[in-house]
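Descriptive analysis of the structure
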Amino acid sequence: MAKSGDQKLKLFYLVNIFSDYTDGEHSLTMQEIIEKLAECGIKAERKSIYSDISELHKYGIEIIGQQKNRTYYYHIENRLFSNEELSLIINAVLESDAVSEDRSKEIIEKLKSFASIYDGDKLLKDF
């Protein structure tokens, strides 16, 4: 397979894809992973992604594969912050007198990036 100029970035894209689109309730199939990489301009085959997932495991990023019927689904298992921890931090930012409302919004948007796109929206519904 011919490699695109961004092939060296594939592991970074994979981490972002797993972080953004997977959590305990949301997983991706291998085909969906390949499609998400293609959206980033990265061509990939199943075998190379299996190898990449193995490398991510070595680095400490736990990607779990679970079979449901005849299909495997993959999701990220460990995150820097749990949703409960993120809620506590968001609450602290909102309650702080030392942080302006505009700055609070900026900080909260950054904190949302530590959760999946699904959980990030849930975090804000509480506030």
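Keep in mind that what you see is a predicted model, and the values were worked out from it rather than measured.

What follows covers the pattern of salt bridges. Summed over all chains, the structure comprises seven salt bridges. The shortest N-O distance in the salt bridge between Glu-101 and Lys-105 comes to 3.7 Å. Taken together, the residues Glu-101 and Lys-105, both in helix H5 (residues 101–112) and four residues apart, mark about one turn of the helix. The closest approach of N and O atoms between Glu-109 and Lys-112, which form a salt bridge, is 3.7 Å. With Glu-109 and Lys-112 both in helix H5 and three residues apart, this pair spans about one turn of that helix. In this structure Glu-109 comes out as partly exposed when scored by relative accessible area, which is 46%. Through salt bridges that share partners, Glu-25, Asp-119 and Lys-122 make up one connected network.

The subject of this paragraph is the nonpolar core. Ranked by size, the top nonpolar core spans 17 residues in total, and within it Phe-18, Ile-33, Leu-37, Ile-49, Ile-63 and Tyr-74 carry the most contacts. Elements supplying a minimum of two residues to this core: helix H1 (10–21), helix H2 (30–39), helix H3 (46–59) and strand S3 (71–76). In terms of residues, this core owes the most to one element, H2, which gives four residues. Leaving out residues up to four positions away in the same chain, Ile-33 has contacts with Leu-14, Phe-18, Leu-28, Ile-49 and Tyr-74.

Bringing H5 into the picture now. A rise of 1.5 Å per residue sets the reference length of H5, with its twelve residues, at 16 Å; its end C-alpha atoms lie 16 Å apart and thus fit the reference within 8%. Regarding H5, the residues found buried are Ser-104, Ile-108, Leu-111 and Lys-112. One side of H5 holds all its buried residues, which, seen down the axis, span an arc of 100°. Residues Asp-102 and Lys-110 are exposed on H5 and point more than 90 degrees away from its buried face.

Glancing now at the side chain of Lys-112. According to the relative accessible area criterion, Lys-112 is buried, its value standing at 19%. If we skip the residues at most four places from it in the chain, Lys-112 touches Gly-120, Asp-121 and Leu-124.

What follows concerns the sheet that holds S3. With antiparallel pairing, three strands are arranged side by side in an open sheet as S1-S3-S2. Strands at the two margins of the open sheet, each flanked by one partner only, are strand S1 (28–29) and strand S2 (63–68). Direction of pairing for S2 relative to S3: antiparallel, over a ladder of six bridges. By the bridge assignment for S3, Gln-66 is matched with Tyr-73. Sheet strands touched by H1: S1, S2 and S3. Its angle to S3, the strand with the most contacts, is close to 90°.

It is worth spelling out the environment of Phe-114 at this point. The topology assignment puts Phe-114 in the loop between H5 and helix H6 (117–125). Overall, the relative accessible area of 31% leaves Phe-114 in the partly exposed class. It is 12 Å that separates the C-alpha atoms of Phe-114 and Phe-18, two residues lying 96 residues apart in sequence.

So, how was this worked out
Residues numbered from 1 in each chain as written. Predicted model: local features only at pLDDT ≥ 70, side-chain atom pairs only at ≥ 80, totals over all residues. Heavy atoms only, no water. Salt bridge = Lys/Arg side-chain N within 4 Å of Asp/Glu carboxyl O. Helix = DSSP H or I, 4+ residues; strand = E, 2+ residues; numbered from the N terminus. Buried < 20%, exposed > 50% of the residue type's maximum accessible area, 1.4 Å probe, protein only. Core = buried A, V, L, I, M, F, W, Y, C linked by side-chain atoms within 4.5 Å. Contact = heavy atoms within 4.5 Å. Expected span 1.5 Å × (residues − 1). Arc of directions from axis to C-beta. Pairing = 2+ DSSP bridges. Axes fitted to C-alpha atoms, helices over the stretch in contact; angles between N-to-C directions.

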